[in-house]
Amino acid sequence: MINQRTLNILHAGALRKPVVECAKLLQEAHPEVDISMETYGSRACARQVREGKVVDVLALADPMLFEELLGPDYVDKYYIFANDQIVLAYNEFSRGNGEINSHNWYDILLREDVTFGRSNQNLDPCGYRTLMVWQLAEQYYQQEGLLGKLDSKCNKEWIYPKSYDLASDVLVGKLDYAFEYLCVANQFGLKHLTLPEKINLSNPANALDYGQATVSLQGKNSGEMITIVGAPIEFAIAIPKNSENPELAQAFLDLMLGKKGQQLLEDCGLIPY
């Protein structure tokens, strides 16, 4: 019998819908439980735990964060539960949406009147994965200088703390396009352009190709820089060592990693492991 009253969940914005739906299932089984959920970019989530934030469940959009920022002092094991891809999300009013395709998307984005955004690479894995997609696109399409052009065009005001906020502004028309996880585009009901597998970070079979892209980020300590290497997109979940309700947290993980959770993940556009 679970007696603890509160489960504190800290999670990547991209995982908002599956986490919320899984929390509802847990609450149906344990109506006496209160569930608190906070969402940030995954790197920001990991840093908060390093700085002393106490949570029971931590769900992130990149398993490498558990290795780089949290293991072994804060988290000793984690579970990879799904994968995804980067897509170009837009709405029916986005400029150029009637002609954009997998061959000309970068030309559309570079038009003077078109706006597009991404998330901050130092706060959110979707941000550094977007920069990797741009690097890979430069090679794939043989467009020398494409990374620099896209980076220059993407103004600071179009760089968001997390992918979830980015999608929200595409939905209301503040941005024409955004580089997003497919699961986030689906959660918001946005239209999206699927990018070639060789650049969208979706397929483990292309891991060697993805590994050609690298991004420099702020490291563990102030002033430290690290290099992240491109890899297929994966999501992971863990119970931090300082969890105050590990039994309740385990019940949540059992749901997320079980059949019901896998169905929820599929409904959100993720591919469960």
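Now for a description of the structure that goes with this document. (Residues numbered from 1 in each chain as written. Predicted model: local features only at pLDDT ≥ 70, side-chain atom pairs only at ≥ 80, totals over all residues. Heavy atoms only, no water.)

**Structural notes on the sheet that holds strand E7 (residues 159-160)**
In spatial order, the strands read E7-E6-E8-E5-E9; together these five strands make up an open sheet with mixed pairing. Each end of this open sheet is capped by a strand with a single partner; those strands are E7 and strand E9 (191-194). Two strands pair when backbone bridges link them, and strand E5 (residues 86-90) and strand E8 (residues 177-181) are joined in this way by five bridges, in the antiparallel orientation. Its bridge partner being in E8, Val87 is matched across the sheet by Glu180. (Pairing = 2+ DSSP bridges. Helix = DSSP H or I, 4+ residues; strand = E, 2+ residues; numbered from the N terminus.)

**Considerations on the pairing of strand E11 (residues 225-229)**
The two faces of E11 differ: Ile226 and Ile228 on one face are buried, but Met225, Thr227 and Val229 on the other face are not. Bridging between strand E10 (residues 214-218) and E11 involves five bridges; their strand directions are antiparallel. Counterpart to Gln218 in the pairing with E11 is Met225. (Buried < 20%, exposed > 50% of the residue type's maximum accessible area, 1.4 Å probe, protein only.)

**Topic: the packing of helix H1 (residues 16-29) against helix H11 (residues 259-267)**
Between H1 and H11, the shortest axis-to-axis distance is 9 Å and the interhelical angle comes to 150°. Considering the relative orientation of H1 and H11, their crossing is right-handed. Residues Pro18, Glu21, Cys22 and Leu25 of H1 pack against Lys260, Leu264 and Leu265 of H11. For the contact of H1 with H11, the residue count by class is five nonpolar, no polar and two charged. (Axes fitted to C-alpha atoms, helices over the stretch in contact; angles between N-to-C directions. Left-handed = near helix turned anticlockwise from the far one by under 90°. Contact = heavy atoms within 4.5 Å. Nonpolar A, V, L, I, M, F, W, Y, C, P; charged D, E, K, R; others polar.)

**Observations regarding the packing of aromatic side chains**
All told, the structure shown has 13 aromatic pairs when counted by the stated rule. Centre to centre, the rings of Trp105 and Tyr141 are 6.0 Å apart; their planes meet at 75°, and the pair counts as edge-to-face. One end of the pair, Trp105, is in helix H4 (residues 105-109); the other, Tyr141, is in the loop between helix H5 (125-140) and helix H6 (146-153), and 36 residues separate them in sequence. With a relative accessible area of 0%, Trp105 lands in the buried category. Aromatic side chains Trp134 and Phe179 sit 5.5 Å apart centroid to centroid with 75° between the ring planes, which places their arrangement in the edge-to-face category. Here Trp134, found in helix H5, pairs with Phe179, found in strand E8; they are 45 residues apart in sequence, far enough to count as distant. Both residues of the pair, Trp134 and Phe179, count as buried. Three or more aromatic residues joined by ring pairs make a cluster, and in this case those are Trp105, Tyr106, Phe116, Trp134, Tyr140, Tyr141, Trp158 and Phe179. (Phe/Tyr/Trp six-rings, centres within 6.5 Å; stacked < 30°, edge-to-face > 60°.)

**Comments concerning the pattern of salt bridges**
With the rule as written, the count across this model stands at 11 salt bridges. One salt bridge in this structure joins Arg129 and Asp62, with 3.7 Å as the shortest N-O distance. Of the two residues, Arg129 is situated in helix H5 and Asp62 in the loop between strand E3 (57-60) and helix H3 (64-70); the sequence distance between them amounts to 67 residues. A relative accessible area of 3% means that Arg129 is categorised as buried. Since its relative accessible area comes to 8%, Asp62 is described here as buried. (Salt bridge = Lys/Arg side-chain N within 4 Å of Asp/Glu carboxyl O.)

**Some details on unusual backbone geometry**
In this chain, Gly71 is followed by Pro72 through a cis amide linkage whose omega measures -5°. Its identity as a non-glycine residue notwithstanding, Leu201 has a phi of 65°, on the positive side. Tracing the chain through its elements places Leu201 in the loop between E9 and helix H9 (207-210). Judged by its relative accessible area of 0%, Leu201 falls in the buried class.

**A few points about the environment of Asp56**
Here Asp56 lies in the loop between helix H2 (42-50) and E3. Among the residues examined, Asp56 registers a relative accessible area of 1% and is labelled buried. Through-space distance from the C-alpha of Asp56 to that of Asn186 is 27 Å; in sequence the pair is 130 residues apart. Excluding its chain neighbours within four sequence positions, the residues that come into contact with Asp56 are Thr6, Leu7, Asn8, Ala238, Ile239, Pro240, Ser243, Glu244, Asn245 and Ala249. A polar side-chain atom of Asp56 sits 2.8 Å from the main-chain amide nitrogen of Asn8. (Polar contact = N/O pair within 3.5 Å; in protein donor to acceptor, adjacent residues only side chain to side chain.)

**Section: the sheet that holds E3**
What the six strands build is an open sheet, ordered E2-E1-E3-E12-E4-E13; its pairing is mixed. Each edge of the open sheet carries a strand with a single partner, namely strand E2 (34-40) and strand E13 (271-272). H2 rests against strand E1 (6-12), E2 and E3 of the sheet, and its axis sits at about 135° to E1. Seen against the sheet, helix H10 (residues 246-257) touches E1, E3, strand E4 (79-83) and strand E12 (234-238) and runs at an angle of roughly 45° to E1.

**Some words on the side chain of Gln135**
Tracing the backbone through its elements, the reader meets Gln135 in helix H5. The exposure class assigned to Gln135 is buried, which follows from its relative accessible area of 17%. In this structure the side chain of Gln135 is engaged in a polar contact, spanning 2.6 Å, whose partner is the backbone oxygen of Thr214. Those residues in contact with Gln135 that sit more than four places away from it in its chain are Leu147, Gln212, Ala213, Thr214 and Val215.

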